[in-house]
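Secondary and tertiary structure notes
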Amino acid sequence: MNLLLVAVGLPLLGAVAGAFLPSRSAALWRWWGVGFSLAALVAAVLVAVQFDMGQGSLQMRLSLPWVPLFGVTFGVGINGISLPLLLLSAVVFCAAFASFGWIEERQKEYALWLLVMECGLLGLFVATDLILFFVFFEVVLIPSYFLVGIFGRGNREHTAIKFVTYTGVASAVLLISFVLLAFTAARYGGGNLTTDIPALTQAMGAAEARIPAGLQTALFLAMALAFMVKMPIFPLHSWAPDVYRDAPIPVAAVLSGVMSKMGAYGILRIAVPLLPAAASQASWLLGLLGVISILYGAIAALGQKDLRLLLAYSSMSHMGVLLLGIASLNTVGLQGAVFQMVSHGLIIPGLFFVVGLIGLRAQSYDLQELGGLWQRSPRLMGVFLVLGLAALGLPLTSGFIAEFQAFAGAFRASQLQVLSFIGVLGFIFSASYILWMVERTAYGPLPPRLEQASIRDVTAMEWVSPLVLVLLVVAVGVFPALVGTPLTPSLGELLRGLGG
Amino acid sequence: MDGLLAVSWLVPFLPLLAFALLTLFGSRLGQGAAWLSILFTGVAAVLAVLLLSPASTYLQDQQHPYQWGFSWLQIGSVTVSLGVSLTGLNLLMLPIVSVIALLVQVYAVGYMHGDARYPRFFAYMSLFTGSMLALVVSPNFLQLYIFWEMVGLCSYLLIGFWYQRSQAAKAAKKAFIVTRIGDVGLLVAIFLIFAATGSFEFSAVIQAVQSRQLGGGFVTAIALLIFLGAAGKSAQFPLHVWLPDAMEGPTPVSALIHAATMVAAGVYLVALTFPIFAASAAAMQVVAWIGAISAFLAATIALAQTDFKRVIAYSTISQLGYMMLGLGVGSITAGMFHLTTHAVFKALLFLAVGAVIHEADTQELDEVSGLWGKMKITAITFFIGALALSGIPPFAGFWSKDGILAAVVSQGNWGLAVLGFLTVLLTAFYIWRIGFRLFFGEQRAPHGYEKVHEAPLMMMVPMGLLALGAIGTGFFGGNISRLLGSGAVPEAGWGVAILATVLALVGIGAAFLTYLRPGFGEAAVARLLGPVWIAFKRKYWIDEGYQAGVVRPTLALAAGVRQADGNIIDTAVESVGAAPGAIGEGVARAQTGRAQTYLAVGTIAVVLLVIVSVIGGSR
């Protein structure tokens with residue numbers, strides 16, 4: 001049995017089997033989720049163990065005809081770009097289930113929807129067919145509607161609707177451009193209609209000269225647009241602050257940590273290799289939007305009073321770095337982009353967990369009402385500080401090596417040099433808002449309101465999710481070859497396709 | 001002795017290991033935490049000193065430094081490695097950093113006694129020591145930058161060590177952000193170098209510069225960007241504002257990080273990348289002038305401050321300015337010689353005032369004086385440091401400052417020379433002002449003069465050893481210049497030495513007349529100088545200028561963006577989303593309706609796909 005299918009199938013199995021169980025015990029559903037997500041993580045680790053680090057092409061490939069009429073296949077496979085993301089997703093979902101404590105009712109629904117979402121995300125990162133990719137893309141969206149709309153807080157229904165509407169429109173654009181792309185390849189390449197990504201890449205490469213440049217650019221921009229909504233990138237971001245503020249903390253962690261990577265992964269793994277000429281033409285635009293997102297997100301973060309909104313804008317700023325890395329279209333920049341996916345995917349869920357725990361203790365997310373928590377919760381604040389430092393790109397955390405490479409790549413790309421000079425100012429702003437956030441939360445005297453509250457340090461169950469993430473952040477920062485080694489051959493292959 | 005070279009990586013590694021151990025087990029060790037840290041730093045210091053001879057022999061025999069490294073990350077065809085490079089410059093820095101770190105940690109055993117977070121303090125000190133040592137053995141820009149930021153982190157953590165105090169927390173944040181402005185300059189320089197040469201190795205860059213592969217404007221730009229980083233770290237004008245505030249940290253931190261080692265990293269960086277600067281006359285001018293201006297301005301500010309720890313902080317800015325000036329007029333030897341002597345005598349001065357703060361529990365000159373009767377040994381060590389700082393022969397500062405002034409005079413730039421000599425006068429005045437006011441005059445202390453005693457022995461021993469150093473290190477100029485291989489300590493005849501000494505004596509005399517003779521005092525000086533004195537006292541309003549010109553506009557912009565993002569962009573999105581609903585059947589109902597529609601569409605789409613696939617599959 002293909003290990004990739006096992007990894008993707010286990011959460012789905014959990015969701016389907018769970019549907020037949022009675023919904024009484026809350027604890028059952030926590031361990032149900034932890035169990036199945038851990039099993040998926042074990043499968044993902046086995047995939048990594050069997051992975052041949054020296055090989056750049058797809059491994060563990062499985063491709064079955066699905067809709068032969070349109071050349072749609074049920075295809076999965078993995079390479080050095082998707083492997084770290086598969087592992088990342090599996091880890092973040094385990095952490096989300098382990099931090100189950102926030103959900104006080106309807107735990108069964110919550111656990112099952114989260115498992116469905118995990119299946120969608122794991123599947124997306126191993127899909128090698130456009131249509132299958134799209135199906136997984138949607139499988140992620142539907143649970144997130146319920147998870148935000150039912151289990152969120154504040155104006156959650158409105159937020160969930162806005163989210164689904166916004167990203168639903170993006171999905172429509174994406175599906176249309178996928179279909180058009182398949183037809184374009186078939187028409188100009190002369191082969192059969194197919195949606196298999198490796199076959200399409202070859203067909204598009206062979207037919208590139210014959211396809212009108214305008215059509216290529218239009219297709220690329222349509223896809224990039226749809227993908228940028230998910231990241232999100234300025235000015236397509238306005239669903240994100242609402243969702244990250246109103247979603248339950250574990251869901252916000254999963255959405256910001258992993259779902260946002262679907263977009264970046266789509267650009268890097270589908271839009272760029274399938275339309276390399278258009279990508280290179282439009283790279284300045286990606287770079288521009290990336291730099292705007294970096295600065296806009298960072299400055300907006302500096303102006304926030306709500307911790308979760310601060311993280312939302314910070315997240316957008318980091319997505320800007322990722323996009324800038326992709327826009328460089330060279331080895332170091334693309335490597336930086338993949339590092340940034342992994343790094344941000346570990347840091348931001350960790351920060352959401354910590355912020356959630358702060359909220360549980362202080363009954364507030366408002367920075368003006370917090371302070372002095374180091375005195376009561378030194379372990380929690382220690383993790384908060386390290387994750388914050390990683391977010392501002394401190395060396396020996398994953399954040400540094402990711403942003404360093406992304407920018408090094410951007411400075412190496414002649415079309416991005418001026419933009420990069422402006423973008424590096426983000427390093428100053430990120431230091432400002434992160435250290436301000438830490439100061440207003442951890443340092444100084446305890447406000448009188450908190451002085452009376454009995455605030456305890458973290459319990460073991462609260463501790464485990466952020467701690468695992470922080471350890472991984474440091475591990476990748478100290479030993480970047482963990483991510484870099486499997487990546488090098490696959491990036492080499494991708495760049496050969498770009499003619500670089 | 002080659003075996004010793006092979007384990008040179010232990011020098012930075014041991015303190016880093018101590019940090020790891022203290023982080024994991026520190027709270028269980030209690031007081032033992034200090035001794036673990038001291039043991040590891042001590043072994044590193046011994047190794048650093050023992051390395052000097054075999055490594056410099058290796059350097060002479062092989063004509064290239066001993067290098068050791070391992071591959072850290074592959075980027076395409078570029079291998080980035082971490083490791084150790086034992087150049088003359090690095091070999092000089094290793095003993096300075098490790099020995100002073102050792103002495104300061106021993107001192108801190110007494111100073112930090114009874115602090116609630118005692119193990120954590122030594123964990124941070126170990127992290128700093130290891131990072132600083134790793135910085136000065138870097139074979140490439142990437143490792144340098146990694147540990148450049150790590151020492152900045154330690155500075156942040158230690159300035160804010162007493163985090164309950166809002167002032168300390170604010171000072172820590174300010175230090176990190178202001179130095180990061182400089183760091184971004186260094187970072188951009190590294191990116192540009194990588195873009196141009198495809199490498200992070202120092203040798204590759206320097207080779208490209210010396211073989212004139214890079215354009216003149218490009219080299220100047222890189223040099224200035226590197227200098228921006230150096231100026232942030234070494235608190236040079238106009239990025240000096242963080243260092244005085246950094247005095248919120250415990251005094252051992254001020255001595256080690258904010259006087260002797262980390263703040264000197266900027267000077268080290270310019271010396272390290274000197275060939276890049278040497279290729280650009282404009283960049284050299286900038287270095288020299290920023291150095292001279294920092295030296296002079298900081299000395300004038302130091303005259304009028306009443307927080308004596310801050311006076312010494314301004315003195316550090318001023319002395320670092322001298323080092324930059326020495327480099328800017330072309331003498332690595334002069335700059336690095338002064339870095340060496342300054343590390344010793346400034347650490348000594350901090351430890352001596354630390355003893356006063358420890359006993360009298362104040363940093364305000366107005367609250368404490370006449371301590372000679374109670375703290376004779378502290379007073380003597382302080383005055384040895386003061387003699388070295390003012391440049392009175394034969395104390396250490398005389399020799400190294402003379403080297404810098406000689407270099408300036410032989411270059412013949414009179415503007416720089418005037419600033420350099422004037423600063424000698426000011427330096428002597430401000431440091432003896434502190435000495436006279438602290439140790440002489442009316443006997444008083446905030447919690448009662450009778451309660452003041454000499455500090456514990458653990459604090460006195462490092463002070464004594466540093467005092468010996470403040471007398472002795474001046475005689476090692478020849479050894480340093482041989483080790484660096486960058487030319488002799490500059491000389492310009494007796495004239496410079498005599499003029500500098502006379503100016504220093506005048507400064508001391510003026511301080512004596514002002515503070516120890518009845519009838520004349522600081523009030524008289526203030527009256528005499530009028531608005532000038534107020535400008536000194538208010539630090540030229542530079543902090544206020546940043547607040548009004550940078551901080552507040554940025555925060556206003558941030559608040560504006562927060563508003564605009566909610567009001568404009570989000571409203572636009574919401575109204576686009578609401579329009580079809582409003583046309584239909586009223587917003588509220590339509591909205592719930594819409595979500596169901598979308599979900600229905602989504603579900604139907606998936607179901608359709610499955611149906612199609614089943615039909616398609618059966619064909």
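Looking now at the environment of A:Val332. Tracing the backbone through its elements, the reader meets A:Val332 in helix 13 (residues 331-362). Using a relative accessible area of 4% as the deciding quantity, one classes A:Val332 as buried. Put simply, A:Val332 and A:Leu311 are 21 residues apart on the chain and 27 Å apart in space, counted from C-alpha to C-alpha. The residues touching A:Val332, leaving out its near neighbours within four places in the chain, are A:Gln405, A:Ala406, A:Ala408, A:Gly409, B:Ile75 and B:Phe194.

All names here are of chain B. Judged from the nine bridges that link them, strand 1 (residues 66-75) and strand 2 (residues 78-86) form a sheet pairing that is antiparallel. Bridging across to strand 2, Gly69 finds its partner in Gly83. Linking strand 1 back to strand 2 in an antiparallel pair, the connection comprises two residues, with Gly76 at a positive phi of about 60°.

Tallied over the entire structure, the rule returns 24 salt bridges over all chains. We note a salt bridge from A:Arg376 to A:Glu451, for which the minimum N-O separation is 3.6 Å. On the criterion of sequence distance, the pair formed by A:Arg376 in the loop between helix 13 and helix 14 (378-391) and A:Glu451 in helix 18 (residues 448-452) is long-range, its members being 75 residues apart. With its nearest N and O atoms 3.3 Å apart, the salt bridge here joins B:Asp245 to B:Arg310. Here B:Asp245 is found in helix 10 (residues 242-245), whereas its partner B:Arg310 is found in helix 15 (residues 308-328), with 65 residues between them in sequence. What makes B:Asp245 buried here is its relative accessible area of 15%. Residue classification places B:Arg310 among the buried residues on the basis of a relative accessible area of 17%. Several salt bridges share partner residues, and in doing so they unite B:Lys174, B:Asp245, B:Asp307, B:Arg310 and B:Asp543 into one network.

Attention shifts here to the side chain of B:His258. Residue and element names in this part refer to chain B. Take His258: it is sitting in helix 11 (residues 251-260). With relative accessibility at 0%, the residue His258 sits in the buried group. Side chain to side chain, His258 and Ser155 meet in a polar contact 2.9 Å long. Ignoring sequence-local partners within four residues, the contact set of His258 consists of Ser155, Ile159, Trp242, Leu243, Ala246, Met247, Val253, Val263, Thr316 and Phe350.

This part is about the layout of surface pockets. Here the second largest pocket is characterised by a volume of approximately 1200 Å³. Forming the walls of the second largest pocket are 37 residues, and the residues nearest its centre are B:Lys173, B:Ile177, B:Gln547, B:Val551 and B:Leu555. Going through the elements one at a time, helix 17 (425-442) of chain A together with helix 7 (166-197) and helix 25 (542-585) of chain B are the ones with two or more residues in the lining of the second largest pocket. A per-element tally of the lining of the second largest pocket places helix 25 of chain B first, with 10 residues.

This part takes up the confidence of the model for chain B. Residue and element names in this part refer to chain B. Across chain B, the average pLDDT comes to 90, with 93% of residues at or above 70. Note on residues 581-593: pLDDT is under 50 here. Beyond four places in sequence and across chains, it has seven contacts. In the predicted assembly, ipTM is 0.95 and pTM is 0.94.

Moving on: the packing of helix 16 (residues 332-360) of chain B against helix 20 (residues 457-472) of chain B. All names here are of chain B. One can describe the packing of helix 16 onto helix 20 by two numbers: an axis separation of 9 Å at closest approach and a directional angle of 150°. Here helix 16 is positioned roughly antiparallel relative to helix 20, judged by the angle of their axes. In this structure, the crossing between helix 16 and helix 20 has a hand that is left-handed. Packed against helix 16, whose contacting residues are Val344, Phe345, Ala347, Leu348, Leu351, Ala352, Ala355 and His358, the element helix 20 presents Met459, Pro462, Met463, Leu466, Ala467, Gly469 and Ala470 at the interface.

Our focus in this paragraph is the environment of B:Lys401. Residue and element names in this part refer to chain B. Relative to the assigned elements, Lys401 resides in helix 18 (residues 396-411). Considered as a pair, Lys401 and Ala271 are 130 residues apart in the sequence and their alpha carbons are 17 Å apart. Once residues lying within four places of it in the same chain are set aside, the contact partners of Lys401 are Gln319, Tyr322, His338, Leu389, Ser390, Val424 and Thr427.

Cut-offs and rules
Residues numbered from 1 in each chain as written. Chains lettered and ligands numbered in written order. Predicted model: local features only at pLDDT ≥ 70, side-chain atom pairs only at ≥ 80, totals over all residues. Heavy atoms only, no water. Helix = DSSP H or I, 4+ residues; strand = E, 2+ residues; numbered from the N terminus. Buried < 20%, exposed > 50% of the residue type's maximum accessible area, 1.4 Å probe, protein only. Contact = heavy atoms within 4.5 Å. Pairing = 2+ DSSP bridges. Salt bridge = Lys/Arg side-chain N within 4 Å of Asp/Glu carboxyl O. Polar contact = N/O pair within 3.5 Å; in protein donor to acceptor, adjacent residues only side chain to side chain. 1 Å grid on protein atoms, 1.4 Å probe; cavity = no way out; pocket = protein on both sides within 12 Å on 5 of 7 lines; lining within 4 Å. Points joined across faces, edges and corners; volume = space filled by probe spheres on them. pLDDT = per-residue confidence, 0-100. Axes fitted to C-alpha atoms, helices over the stretch in contact; angles between N-to-C directions. Parallel < 35°, antiparallel > 145°, perpendicular 65-115°, else oblique. Left-handed = near helix turned anticlockwise from the far one by under 90°.

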